[in-house]
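Here are the chains, one letter per residue:
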Amino acid sequence: MSSYDVIIIGSGPGGYVSAIRCAQLGLKTACVEGRETLGGTCLNVGCIPSKALLHATHMLHEAEHNFADMGLKGKSPSVDWAQMQTYKQNTIDTNTKGIEFLFKKNKIDWIKGWATIPEAGKVKVGDEVHEAKNIIIATGSEPASLPGVEVDETVVVTSTGALSLNKVPKKLVVIGAGVIGLELGSVYARLGTEVTVVEYLDAITPGMDGEVQKNFMRILKKQGVNFVMGAAVQGTEASKTKAKVTYKLRKDDSEHTLDADVVLVSTGRKPFHDGLGLESLGVELTKRGQIAVNDTWETSVKGIYAIGDVIEGPMLAHKAEDEGMAAAEVVAGKHGHVNYGVIPGVIYTHPEVANVGATEEQLKEEGRAYKVGKFSFMGNARAKAVFAGEGFVKLIADKETDRILGAHIIGPGAGDLIHEVCVAMEFGASAEDLAMTCHAHPTYSEAVREAALACGDGAIHM
Ligand code: NAI
């Protein structure tokens, strides 16, 4: 039996980051992971592989649509799907091996296998029981199931199967117009697949700024993605190579079917904590099945903490990472903090979509007076030079104090641009603070400054 100051269960972005921080703070640390490789969903079957496919197919799109206009003539590249999968796998491998290296560097023990917690202070993996003064659960999430839809990961797939299809499908039906459906829908649309997204609500990407939702949908339609909105999927019927999706339109209850070679089910994820033995330990859950924690990420059982997708809040790798670091600080007897008001969200389509803080819709509901500064990428020289003039930056600030309350960006590099607004918000900055900061020309970031200027006396290039 080995004993540790802390054992972290799960090595996704929440777990591995937490383990590294624990080790840096001088704690004897182990991390339990049952997969063959470290990194969890994000590195193995989520964020990282999808970004590889998004990058490769974006390059294809550029070659097909913009190369000739730039004077780059010649045949468009053809798609070698097997090689694209190899590229994706190499990207995964270098990243998961990187975590292994960081574990060694920080002297973190990787306990291989699936963990249970027989009692507080003990973690069992296989036949071995390890002692731990503290346990941090970081077991993540899994795709939520949909009644009437049976996933086989070949014809009816979740994001995991969609990243590794054995060939590019002719017809793809995506159930759910959330982040996963739109990112992977984009990948296949660029590869020439006929993509139809079936969404229950009347708008895509629930919870996002309304104007972004409308513009994003218009841009995706232009890229060839079809949408059936206000449609509740009733079920799927699949053979070995084909599937039928049945949905009912909410407006008139009429029933319709769609044929597909592949169906992607992307209707949300749910916390994953099977097999840990939480019930017999008396660890309380929320009504939605998440592990309930207090403001120091401790569960109802002393010495057992939980972070990331398995607890409340947005299911985002970076939110899990922040909680992982904060919980490590708490376990080490320090003060851990996460500012839940400043957690950015990014969709890695082209153009990218990014947001942080409040939407106009939320502020209206709260009855808070606000002002909006908006700037179109059509006024940004750099964006126009690279055929990326579509989209805008929208900055929202308090009407009286000018304090920045949120930002919503659709456009080139939005996922990186959002962070200057995040930093500004962390410092409690005003729109004027951003507007008075010199931004290099020509960069996309000038559009953020222009939106900040538009909150005051006006943008220059509009
Ligand atoms: P989601 O919650 O983002 O979207 C699910 C969509 O499915 C919703 O629009 C919902 O209205 C719709 N839906 C539900 N039931 C339906 C039905 N019966 N018929 C038709 N439509 C239906 O879920 P998604 O895309 O699966 O993502 C899961 C989680 O993973 C999210 O929390 C997301 O934030 C996270 N994620 C984040 C990424 C990023 O940050 N870039 C990338 C991938 C996932």
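Residues numbered from 1 in each chain as written. Predicted model: local features only at pLDDT ≥ 70, side-chain atom pairs only at ≥ 80, totals over all residues. Heavy atoms only, no water.

Before going further, it helps to spend a moment on the overall build of the protein. What the protein contains, in helices and strands, is 14 helices and 22 strands. Taking 23 Å as the expected radius of gyration for a compact globule of 462 residues, we find that the protein reaches 23 Å, a close match to that expectation. In terms of its C-alpha atoms, the protein occupies a principal-axis envelope of roughly 65 × 60 × 50 Å. A gap of 4 Å separates the mean positions of the 46 positive and 58 negative side-chain charges of the protein. (Helix = DSSP H or I, 4+ residues; strand = E, 2+ residues; numbered from the N terminus. Rg over C-alpha atoms; globule rule 2.2 N^0.38 Å. Lys, Arg positive; Asp, Glu negative; His and termini not counted. Charge placed at Lys NZ, Arg CZ, Asp CG, Glu CD.)

So, about the pairing of strand β4 (residues 115-119). For β4 and strand β5 (residues 122-125), the ladder comprises 3 bridges, and the chain directions are antiparallel. What sits directly across from Glu119, in β5, is Lys122. Hairpin connection, β4 to β5: the antiparallel pair is bridged by 2 residues, and Gly121 has positive phi, about 90°. (Pairing = 2+ DSSP bridges.)

Here we come to the sheet that holds strand β18 (residues 345-347). Pairing in this open sheet of 5 strands is antiparallel, and the strands run β18-β19-β22-β21-β20 from one edge to the other. Two strands in the sheet have a free side with no partner beyond their single neighbour: β18 and β20 (370-376). Ignoring which end each strand starts from, the neighbouring axes of this sheet average 10° apart. With 6 bridges connecting them, strand β21 (residues 392-398) and strand β22 (residues 404-411) associate as antiparallel partners. When the sheet's bridge partners are listed, Lys394 is paired in β22 with His408. Where helix α12 (residues 414-426) meets the sheet, its contacts fall on β18, β19 (352-357), β21 and β22, and the angle it forms with β19 comes to roughly 10°. (Axes fitted to C-alpha atoms, helices over the stretch in contact; angles between N-to-C directions. Contact = heavy atoms within 4.5 Å.)

Between its terminal C-alpha atoms helix α9 (residues 317-331) stretches 21 Å, which fits the 21 Å expected from 15 residues at 1.5 Å a residue. Where α9 is buried, its residues meet β1 (3-9), α1 (13-24), β6 (128-137) and β17 (304-306). (Expected span 1.5 Å × (residues − 1).)

Before going further, it helps to examine the pairing of strand β14 (residues 255-260). Bridge count between strand β13 (residues 243-249) and β14: 6 bridges; the pairing is antiparallel. The residue of β14 that forms the bridge with Ala243 is Ala260. Between β13 and β14, which pair antiparallel in sequence order, lie 5 residues; one of them, Asp253, sits at a positive phi of approximately 65°.

Per the UniProt record, "domain: Pyridine nucleotide-disulphide oxidoreductase dimerisation" (unreviewed entry) is annotated on residues 343-452. As annotated, residues 343-452 has a helix share of 34% and a strand share of 28%, and its two end C-alpha atoms lie 20 Å apart. (UniProt positions renumbered as here; feature names shortened; annotations may be inferred.)

Before going further, it helps to spend a moment on the side chain of Thr139. By secondary structure assignment, the location of Thr139 is in the loop between β6 and β7 (141-143). A polar contact is formed between the side chain of Thr139 and the backbone oxygen of Phe272, at a distance of 2.7 Å. (Polar contact = N/O pair within 3.5 Å; in protein donor to acceptor, adjacent residues only side chain to side chain.)

What follows deals with the packing of aromatic side chains. Following the criterion strictly, the structure yields 1 aromatic pair and no others. Judged by centre distance (5.9 Å) and plane angle (55°), the rings of Trp81 and Tyr188 are tilted. Placement of the pair is Trp81 in helix α4 (residues 81-105) and Tyr188 in helix α6 (residues 179-190), with a sequence separation of 107 residues. Per residue, the accessibility class of Trp81 equals that of Tyr188, and both read buried. Cation over ring: Lys374 sits above Phe392, and NZ or CZ is 4.4 Å from the ring centre. (Phe/Tyr/Trp six-rings, centres within 6.5 Å; stacked < 30°, edge-to-face > 60°. Buried < 20%, exposed > 50% of the residue type's maximum accessible area, 1.4 Å probe, protein only. Lys NZ or Arg CZ within 6 Å of the ring centre and 35° of its normal.)

Let us now look at the site of the ligand. Around the ligand, the structure places 24 residues, and the nearest of them are Ile180, Glu183, Glu199, Gly268 and Val346. Ser266 places a polar main-chain atom, nitrogen or oxygen, 3.4 Å from an oxygen atom of the ligand. Considered on its own, the ligand offers 860 Å² of accessible surface; in the complex 79% of this is hidden by protein. Contributing elements (two or more residues each) for the shell around the ligand: α6 and β12 (231-238). A breakdown of the residues in the shell around the ligand according to their chemical character gives 16 nonpolar, 5 polar and 3 charged. (Near = heavy atom within 4 Å. Areas by Shrake-Rupley, 256 points an atom, 1.4 Å probe, with all protein chains shown as cover. Nonpolar A, V, L, I, M, F, W, Y, C, P; charged D, E, K, R; others polar.)

The topology assignment puts Lys88 in helix α4. For the buried residue Lys88, which engages in no salt bridge, the nearest side chain bearing the opposite charge is Asp93, 9.8 Å off. (Salt bridge = Lys/Arg side-chain N within 4 Å of Asp/Glu carboxyl O.)

Taken N-terminus to C-terminus, the directions of α1 and α4 make an angle of 20°; their axes are 10 Å apart at the nearest point. When the interaxial angle is binned, α1 and α4 end up roughly parallel. Note on packing geometry: the crossing formed by α1 with α4 is left-handed. Between α1, through Tyr16, Ala19 and Ile20, and α4, the contact on the second element is made entirely by Ile99, Leu102 and Phe103. For the contact of α1 with α4, a count of residues per class yields 6 nonpolar, no polar and no charged. (Parallel < 35°, antiparallel > 145°, perpendicular 65-115°, else oblique. Left-handed = near helix turned anticlockwise from the far one by under 90°.)

Taking the UniProt record as the reference, the feature "domain: FAD/NAD(P)-binding" (unreviewed entry) is found at residues 4-324. Taken end to end, residues 4-324 comprises 32% helix and 26% strand; its first and last C-alpha atoms sit 17 Å apart.

Moving on: the nonpolar core. Judged by nonpolar contacts, the single largest core of 52 residues is most densely connected at Phe103, Ile136 and Ile137. Broken down by element, this core gets its largest block of residues, 6 residues, from α1. Look past the residues within four positions of Phe103 in its chain and what remains in contact with it is Tyr16, Ala19, Ile20, Cys31, Leu38, Ile108 and Trp110. Grouped together as the second largest cluster of nonpolar side chains are 37 residues, Leu163, Leu165, Ala177 and Ile204 included. (Core = buried A, V, L, I, M, F, W, Y, C linked by side-chain atoms within 4.5 Å.)

What follows concerns the environment of Ala317. For Ala317, the position within the fold is in helix α9. Considering only alpha carbons, one finds Ala317 and Glu279, 38 residues apart in sequence, at a separation of 26 Å. Discounting residues that sit within four places of it in the chain, Ala317 has contacts with Pro13, Cys42 and Cys47.

Right, let's get into the layout of surface pockets. Considered as a void within the structure, the second largest pocket measures approximately 530 Å³ in volume. Those elements giving two or more residues to the lining of the second largest pocket turn out to be α3 (47-65), α6 and α7 (210-222). The element contributing the most residues to the lining of the second largest pocket is α3, with 5 residues. Each residue belonging to the lining of the second largest pocket can be placed in one class, and the counts come to 8 nonpolar, 7 polar and 5 charged. (1 Å grid on protein atoms, 1.4 Å probe; cavity = no way out; pocket = protein on both sides within 12 Å on 5 of 7 lines; lining within 4 Å. Points joined across faces, edges and corners; volume = space filled by probe spheres on them.)

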